[in-house]
Amino acid sequence: MSDDLNRQIFKEEAYDLLGELEGALLELEENPDDMDVVNQIFRALHTIKGSGAMFGFEDIAEFTHEVETVFDMVRNGNLPVSHTLCNLALKSRDYIRSMLDSTDDANVVDPEEMQEILVGLQTLASGEPEEVTEEAAAEESVVEDEIEILEEETEQAAEAEAVEVAEGHNYQIVLTA
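Residues numbered from 1 in each chain as written. Predicted model: local features only at pLDDT ≥ 70, side-chain atom pairs only at ≥ 80, totals over all residues. Heavy atoms only, no water.

A. Spatial organisation of the environment of leucine 88. Examined against the element boundaries, leucine 88 turns out to sit in helix α4 (residues 83-102). Along the primary structure leucine 88 and leucine 118 are separated by 30 residues, whereas in three dimensions their C-alpha atoms are 8.8 Å apart. Setting aside residues no more than four positions away along its own chain, leucine 88 makes contact with Ile117, Gly120, Leu121 and Leu124. (Helix = DSSP H or I, 4+ residues; strand = E, 2+ residues; numbered from the N terminus. Contact = heavy atoms within 4.5 Å.)

B. Focus on the packing of aromatic side chains. Enumeration according to the criterion identifies 3 aromatic pairs in this entry. Between phenylalanine 63 and tyrosine 95 the ring centres are 5.0 Å apart and the planes differ by 50 degrees, which places this aromatic pair in the tilted class. Of the two residues, phenylalanine 63 sits in helix α3 (residues 58-75) while tyrosine 95 sits in helix α4, which places them 32 residues apart along the sequence. Each member of the pair, phenylalanine 63 as well as tyrosine 95, is classed as buried. Among the aromatic residues, ring-to-ring pairing joins Phe10, Phe55 and Phe57 into one connected group. The ring of phenylalanine 57 has arginine 7 sitting right over it, with the charged end atom 4.0 Å from the ring centre. The residue whose ring lies beneath arginine 75 is phenylalanine 42, and the NZ or CZ to ring-centre distance is 3.7 Å. (Phe/Tyr/Trp six-rings, centres within 6.5 Å; stacked < 30°, edge-to-face > 60°. Buried < 20%, exposed > 50% of the residue type's maximum accessible area, 1.4 Å probe, protein only. Lys NZ or Arg CZ within 6 Å of the ring centre and 35° of its normal.)

C. Structural detail: the packing of α3 against α4. Remark: α3 packs on α4, axes separated minimally by 10 Å, with the N-to-C direction vectors making an angle of 160 degrees. By the angle between their directions, the pair α3 and α4 is classed as roughly antiparallel. Every pair of crossing elements has a handedness; the one defined by α3 and α4 is left-handed. Between α3 and α4, the residues in contact are Asp59, Ile60, Phe63, Thr64, Val67, Val70, Phe71 and Val74 and Leu85, Ala89, Ser92, Tyr95, Ile96, Met99 and Leu100, respectively. When grouped by side-chain class, the residues that make up the contact of α3 with α4 number 12 nonpolar, 2 polar and 1 charged. (Axes fitted to C-alpha atoms, helices over the stretch in contact; angles between N-to-C directions. Parallel < 35°, antiparallel > 145°, perpendicular 65-115°, else oblique. Left-handed = near helix turned anticlockwise from the far one by under 90°. Nonpolar A, V, L, I, M, F, W, Y, C, P; charged D, E, K, R; others polar.)

Here you go:
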């Protein structure tokens, strides 16, 4: 078989594995103690890494090795499954996909994105407390603002409904929270 054909076969298999990986990661978010899912994720990463190295995709193999290492820690009970881990793994999956896509055309993967993911994985692996990034703090602030707006809108709607019902009637409506 020619090298081009082998590389194409690897890419097709890797795309399939990335699809399985996404499903398993989403399932892991729902069932963080499911070691069968953790093992499924590890195997997919291990296969992408090994086959990538075999067929000349060293960049994919090296990056995937970092993600695989973190999931090996989870398998061995040295690292718990967390929301942060699942998010980083999903970002890693997307990044691996972009690396595969970039081999066909002039798409260039973002090295800053790779560095952000790797730093996040290394932070998790080291057991250091996660730093709150400016982006995460901003997202949290937006969510808090949205909750406050929804609470205000709900209160206003309840008051408007109470007034509407009470108009024309001699009822006294008391709202309690």
